[in-house]
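Structural features, examined
The chain contents come next:
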Amino acid sequence: VALETASSRIEAAKSGDIGYETGTFQLSAKDKKGKATTTIGKYVVVWKKQSDGSWKAAADIWNADQ
C-alpha cells in the first residue's frame with residue numbers, strides 16, 4: 001500500500017490553536033485478487049494544537065474522485 005498526498009492549502013486560526021489542511025491524494029494498493037488499483041481524491045484535515053505544542057488531527061475526510 002502506498003499513499004501520496006499533496007497539500008493545496010494550509011491555514012491556521014489567528015488564535016494559533018486550530019487549523020486546517022486541504023489537498024489531493026493517490027492511494028495505490030492491491031485488491032483481494034492481487035490486481036493493482038489506484039484511487040485518486042481529495043481530503044480535508046482539521047488540526048488542533050496540543051498542550052505540549054504538537055499538532056494532532058482532530059477530524060478528517062477523504063473522498064475519491066470517482
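Going by the structure above, here's the rest.
Summary of the structure given here. This one's a predicted model, so the numbers in the text were calculated from it and none came from an experiment.

For the rest of this paragraph, the subject is the environment of Gly23. Secondary-structure assignment places Gly23 in strand 2 (residues 18–30). For the pair Gly23 and Tyr43, spaced 20 residues apart in the sequence, the C-alpha separation amounts to 5.5 Å. Residues within four places of Gly23 in sequence aside, it is in contact with Ala6, Ser7, Ser8, Gly41, Lys42 and Tyr43.

This paragraph deals with the pairing of strand 4 (residues 55–64). One ladder, built from nine bridges, connects strand 3 (residues 36–49) with strand 4; its direction is antiparallel. For Lys48, the partnering residue across the bridge sits in strand 4 and is Lys56.

As paired strands, strand 2 and strand 3 are joined by 13 bridges and run antiparallel to one another. Looking across to strand 3, one finds that Thr24 is bridged to Lys42. Linking strand 2 to strand 3, which pair antiparallel, is a turn of five residues; within it Gly34 sits at a positive phi near 90°. Between strand 3 and strand 4, which pair antiparallel and follow one another directly, the connecting turn spans five residues, one of which, Gly53, has a positive phi of 95°.

Taken in spatial order, the four strands line up as 1-2-3-4 in an open sheet, and their pairing is antiparallel. Each edge of the open sheet is held by one strand with a lone partner, namely strand 1 (2–12) and strand 4. On average, each strand axis in the sheet is inclined to that of its neighbour by 20°, with strand direction left out of account. When strand 1 meets strand 2, the two strands line up antiparallel, connected through ten bridges. Bridge pairing links Ala12 to Gly19 in strand 2.

Definitions and limits used
- Residues numbered from 1 in each chain as written.
- Predicted model: local features only at pLDDT ≥ 70, side-chain atom pairs only at ≥ 80, totals over all residues.
- Heavy atoms only, no water.
- Helix = DSSP H or I, 4+ residues; strand = E, 2+ residues; numbered from the N terminus.
- Contact = heavy atoms within 4.5 Å.
- Pairing = 2+ DSSP bridges.
- Axes fitted to C-alpha atoms, helices over the stretch in contact; angles between N-to-C directions.

These figures come from the coordinates and say nothing about function on their own.
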